[in-house]
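Fold and contact review
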Amino acid sequence: QVQLVESGGGLVQAGGSLRLSCAASGRTFSRYYMAWFRQAPGKEREFVAGIRWTGGSTYYADSVKGRFTISRDNAKNTVYLQMNSLKPEDTAVYYCAAAARPFYTDYFGNYGYWGQGTQVTVSS
């Protein structure tokens with residue numbers, strides 16, 4: 001059974017930084033596409049960033065380009081999201097997700113595995 005466990009959320013002032021971690025277990029993830037999504041109150045879940053386990057190519061939502069960086073540590077089966085220059089509009093619950101396909105997808109319906117979510121709150 002696949003398990004994704006996020007950590008690293010919290011409260012930070014605007015302009016600050018946080019690093020989220022997603023520890024994956026239960027599968028060999030080389031054929032999975034990994035991503036971070038977020039969902040703010042009253043809004044739909046949205047794609048934030050994605051990465052392939054092999055090759056490392058990345059994709060970002062326009063709203064976070066240049067501020068967020070997704071990376072992975074294959075030896076630790078862990079995916080990270082480094083978030084810099086945080087803004088109040090980045091406030092949301094952040095979810096780690098895995099899609100059973102090796103290529104990029106930003107559609108949440110393609111992700112069959114989800115973590116429990118971690119709250120990120122950015123104060124102004």
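Here the structure is shown first, and the text comes after it.
Because the structure is predicted, anything quoted here is derived from the model rather than measured. (Residues numbered from 1 in each chain as written. Predicted model: local features only at pLDDT ≥ 70, side-chain atom pairs only at ≥ 80, totals over all residues. Heavy atoms only, no water.)

1. Topic: the environment of Glu-89
Rules: Comment: elements are numbered from the N terminus, with helices defined as DSSP H or I runs of at least four residues and strands as E runs of at least two. Each residue gets one of three labels from its accessible area relative to the maximum for its type: buried under 20%, exposed over 50%, partly exposed in between, using a 1.4 Å probe on protein chains only.
Position of Glu-89 among the secondary structure elements: in the loop between β8 (78-83) and β9 (92-99). For Glu-89, a relative accessible area of 58% corresponds to the exposed category. Along the sequence, Glu-89 and Arg-101 sit twelve residues apart, while their C-alpha atoms lie 30 Å from each other.

2. Some words on the pairing of strand β3 (residues 18-25)
Applied cut-off: When DSSP finds two or more bridges between a pair of strands, those strands are recorded as paired.
Note that strand β1 (residues 3-7) and β3 share five bridges and pair antiparallel. Counterpart to Val-5 in the pairing with β3 is Ala-23. Relative to β8, β3 runs antiparallel, the two being bridged by six bridges. Paired with Arg-19 across the two strands is Gln-82, which belongs to β8.

3. A short note on the side chain of Thr-78
Rules: By the criterion applied in these results, polar contacts are pairs of N or O atoms within 3.5 Å in which, for protein atoms, one can donate a hydrogen and the other can accept it, and in which residues neighboring in sequence qualify only through two side-chain atoms. Contacts are assigned to residue pairs with any non-hydrogen atoms lying within 4.5 Å of each other.
Locating Thr-78 in the fold gives a position in strand β8. Looking at Thr-78, the relative accessible area reads 9%, which means it is buried. Here Lys-76 takes part through its backbone oxygen, which lies 2.9 Å from a polar atom of the side chain of Thr-78. Leave out the neighbours within four places in its chain, and Thr-78 touches Ser-21, Cys-22, Ala-23, Trp-53, Ser-71, Arg-72 and Asp-73.

4. Digging into the nonpolar core
To be explicit about the condition: The criterion is simple. A nonpolar core is a set of buried Ala, Val, Leu, Ile, Met, Phe, Trp, Tyr and Cys residues joined through side-chain atoms within 4.5 Å.
By size, the foremost hydrophobic cluster in this structure holds 30 residues, and its most contacted members are Met-34, Trp-36, Leu-81, Met-83 and Tyr-94. When contributions to this core are tallied by element, the ones reaching two or more residues are β3, β4 (33-39), β5 (46-52), β7 (68-73), β8, β9 and β11 (118-123). Non-local contacts of Met-34, meaning those with residues more than four positions away in its chain, are made with Leu-4, Phe-29, Ala-49, Gly-50, Ile-51, Trp-53, Ile-70, Val-79, Cys-96, Ala-97 and Ala-98. The next biggest cluster of nonpolar side chains, apart from the first, holds seven residues, and it includes Phe-37, Ala-97, Ala-99 and Tyr-111.

5. A look at the pattern of salt bridges
Operational definition: Whenever Lys or Arg places a side-chain nitrogen within 4 Å of a carboxyl oxygen from Asp or Glu, that contact is recorded as a salt bridge.
Considering all chains together, one arrives at four salt bridges under this definition. Here Asp-90 makes a salt bridge to Arg-38, at a shortest N to O gap of 2.9 Å. Remark: Arg-38 occurs in strand β4 and Asp-90 occurs in the loop between β8 and β9; sequence separation between them is 52 residues. Residues Asp-90 and Arg-38 agree in their burial class; the two are buried. Judged by its relative accessible area of 1%, Asp-90 is buried.

6. Observations regarding the packing of aromatic side chains
Stated precisely, the cut-off is as follows: Stacked, tilted and edge-to-face pairs are distinguished by plane angle, under 30 degrees for stacked and over 60 for edge-to-face with tilted covering the rest, among Phe, Tyr and Trp rings (Trp via its six-membered ring) whose centres lie within 6.5 Å. We call a charge positioned above a ring when the Lys NZ or Arg CZ atom is no farther than 6 Å from the ring centre and deviates by at most 35 degrees from the ring normal.
Here the structure, examined in full by the defined rule, presents ten aromatic pairs. Between the aromatic rings of Tyr-95 and Trp-114, the centroid separation amounts to 6.3 Å while the plane-to-plane angle is 80°, which identifies the pairing as edge-to-face. On the criterion of sequence distance, the pair formed by Tyr-95 in strand β9 and Trp-114 in strand β10 (residues 113-114) is long-range, its members being 19 residues apart. Given a relative accessible area of 15%, Tyr-95 falls into the buried group. Take Trp-114: its relative accessible area is 27%, and that puts it in the partly exposed class. Here the aromatic residues Tyr-33, Phe-37, Phe-47, Tyr-59, Tyr-95, Tyr-104, Tyr-111 and Trp-114 are joined through ring pairs into a cluster of three or more. Above the ring of Tyr-95, the side-chain terminus of Arg-45 is found at 3.9 Å from the ring centroid.

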